[in-house]
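Listed here are the chains, written in short residue letters.
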Amino acid sequence: MNETTMLLTLLIKGMIIGLAASIPLGPIGVICVQRTINKGKISGFLSGLGAATADTLFAAIAGFSLSFIISFLEERQTIIELVGGVIVVFLGLKIFSTNPISQLKRNKRKKSNLLEDFMSVLLLTGSNPLAVFFFIALFATAGVISHDQSIWVNLIALAGVFLGGALWWYILTSTVNYFRRHFRLKQLWWINKISGAVIFTLGGLAILNVIHKVFF
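On a predicted model such as this, the values are computed, not experimentally measured, just so you know. (Residues numbered from 1 in each chain as written. Predicted model: local features only at pLDDT ≥ 70, side-chain atom pairs only at ≥ 80, totals over all residues. Heavy atoms only, no water.)

1. Overview of the overall build of the protein
Here comes step 1: Each helix and strand counted, the protein has 10 helices and 0 strands in total.
Here comes step 2: For the protein, the residues scored as buried account for 37% of the 216 residues in total.
Here comes step 3: Restricting to contacts in the protein with at least 6 residues of sequence separation, those with at least 24 account for 90%.
Here comes step 4: Accessible surface, the protein: about 12300 Å² in total, of which carbon and sulfur atoms supply 70%. (Helix = DSSP H or I, 4+ residues; strand = E, 2+ residues; numbered from the N terminus. Buried < 20%, exposed > 50% of the residue type's maximum accessible area, 1.4 Å probe, protein only. Contact = heavy atoms within 4.5 Å. Areas by Shrake-Rupley, 256 points an atom, 1.4 Å probe, with all protein chains shown as cover.)

Laid out in structure tokens, this is it:
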């Protein structure tokens, strides 16, 4: 495999990882959908880029500290899984109880601030450092980043992660923007309820899995 082919392969693998990290429609997805419907495609897309940027930072932490973090993860795996499950449960409850109807009405009274849209989702995504462990698992499986490679080669893979995330948010916000006239506030209410319930369930299952491993 020549160098160009290797770099292209790393870029594509990075894009696949970026897509895998972004596609699940969690709270960030709900926010981007809401902003696209309420403020337009650019607002929704820039919000998504905030998430893609935070994911890329997490991927960099995971990639350039891979061996150390894997060791840390293996030693404290049960505690990390339990804490992660609890965080997801509370996140699900918060999403479930949020009323997007009143939120959208408040947003309509405010002038759109694209930098604020980007930064708010960047900080929100960055508030979940457990995402680092998700990238550890993906990098370890795909063999994307290695300490034997030069930093520039690894940066190609990280660029792929960002591009993959950006591609997903562009597709999502473009699709939502296309159908935005058909969206109603009541449908957004159901999106929050369903997303919150699903996230709560996933967190509960994670906690039950830890309990099963420890006591059974």
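2. Some remarks on the environment of Asp117
Here comes step 1: You can see Asp117 is positioned in helix H7 (residues 114–126).
Here comes step 2: Between the C-alpha atom of Asp117 and that of Ser47, which follows or precedes it by 70 residues, the distance is 5.2 Å.

3. Description of the side chain of Thr56
Here comes step 1: Tracing the chain through its elements places Thr56 in helix H3 (residues 41–64).
Here comes step 2: The residues contacting Thr56, other than those within four sequence positions of it, are Leu158, Val161 and Phe162.

4. Here we look at the packing of helix H1 (residues 3–22) against helix H9 (residues 151–178)
Here comes step 1: The N-to-C vectors of H1 and H9 enclose an angle of 40 degrees; their axes lie 6 Å apart at closest approach. As the angle between them shows, H1 and H9 are arranged oblique. In this structure, the crossing between H1 and H9 has a hand that is right-handed. Residues Met6, Leu7, Leu10, Leu11, Gly14, Met15, Ile17, Gly18, Leu19 and Ser22 of H1 touch H9, and the partners they reach there are Val153, Ile156, Ala157, Ala159, Gly160, Val161, Leu163, Gly164, Gly165, Leu167, Trp168 and Trp169. (Axes fitted to C-alpha atoms, helices over the stretch in contact; angles between N-to-C directions. Parallel < 35°, antiparallel > 145°, perpendicular 65-115°, else oblique. Left-handed = near helix turned anticlockwise from the far one by under 90°.)

5. Section: a nonpolar patch on the surface
Here comes step 1: Taken together, the side chains of Trp190, Ile194, Val198, Leu202, Leu205, Leu208, Ile211, Val214, Phe215 and Phe216 make up a nonpolar region of the molecular surface, amounting to roughly 1100 Å² of accessible area.
Here comes step 2: Within the element layout of this structure, Phe215 appears in helix H10 (residues 185–215). (Patch = residues over 30% accessible without salt bridge, like charges linked within 9 Å, V, L, I, M, F, W, Y side chains within 5 Å. Salt bridge = Lys/Arg side-chain N within 4 Å of Asp/Glu carboxyl O.)

6. Here we look at the packing of aromatic side chains
Here comes step 1: Taken as a whole, this structure holds 2 aromatic pairs when the rule is applied.
Here comes step 2: Taking 5.7 Å as the distance between ring centres and 85 degrees as the angle between the ring planes, the aromatic pair formed by Phe45 and Tyr170 counts as edge-to-face. Of the two residues, Phe45 sits in helix H3 while Tyr170 sits in helix H9, which places them 125 residues apart along the sequence.
Here comes step 3: Exposure remark for Phe45: the relative accessible area of 21% places this residue in the partly exposed category.
Here comes step 4: Residues Tyr178 and Phe179 carry aromatic rings whose centres are separated by 4.8 Å and whose planes lie at 85 degrees to one another, so their mutual orientation is edge-to-face.
Here comes step 5: A relative accessible area of 65% means that Tyr178 is categorised as exposed.
Here comes step 6: We classify Phe179 as partly exposed; its relative accessible area is 40%.
Here comes step 7: Just above the ring of Phe96 sits the side chain of Lys193; from NZ or CZ to the centre is 4.2 Å. (Phe/Tyr/Trp six-rings, centres within 6.5 Å; stacked < 30°, edge-to-face > 60°. Lys NZ or Arg CZ within 6 Å of the ring centre and 35° of its normal.)

7. Quick notes on the environment of Leu172
Here comes step 1: Tracing the chain through its elements places Leu172 in helix H9.
Here comes step 2: Given the relative accessible area of 13%, Leu172 is considered buried.
Here comes step 3: Between the C-alpha atoms of Leu172 and Thr36, which are 136 residues apart in sequence, the distance is 9.4 Å.

8. Notes on the environment of Thr78
Here comes step 1: Tracing the backbone through its elements, the reader meets Thr78 in helix H5 (residues 77–97).
Here comes step 2: A relative accessible area of 35% places Thr78 in the partly exposed class.
Here comes step 3: Counting along the chain gives 132 residues from Thr78 to Val210, while the straight-line C-alpha distance between them is 6.4 Å.
Here comes step 4: Residues in contact with Thr78, not counting those within four places in the same chain, are Val210 and Val214.

9. Some remarks on the packing of H3 against H9
Here comes step 1: At their nearest, the axes of H3 and H9 sit 8 Å apart, and the two run at 155 degrees to each other. As summarised for this structure, H3 and H9 are arranged roughly antiparallel, according to the angle between their axes. At the point where H3 passes H9, the crossing takes the right-handed sense.
Here comes step 2: For the contact of H3 with H9, the class distribution of residues is 15 nonpolar, 9 polar and 1 charged. (Nonpolar A, V, L, I, M, F, W, Y, C, P; charged D, E, K, R; others polar.)

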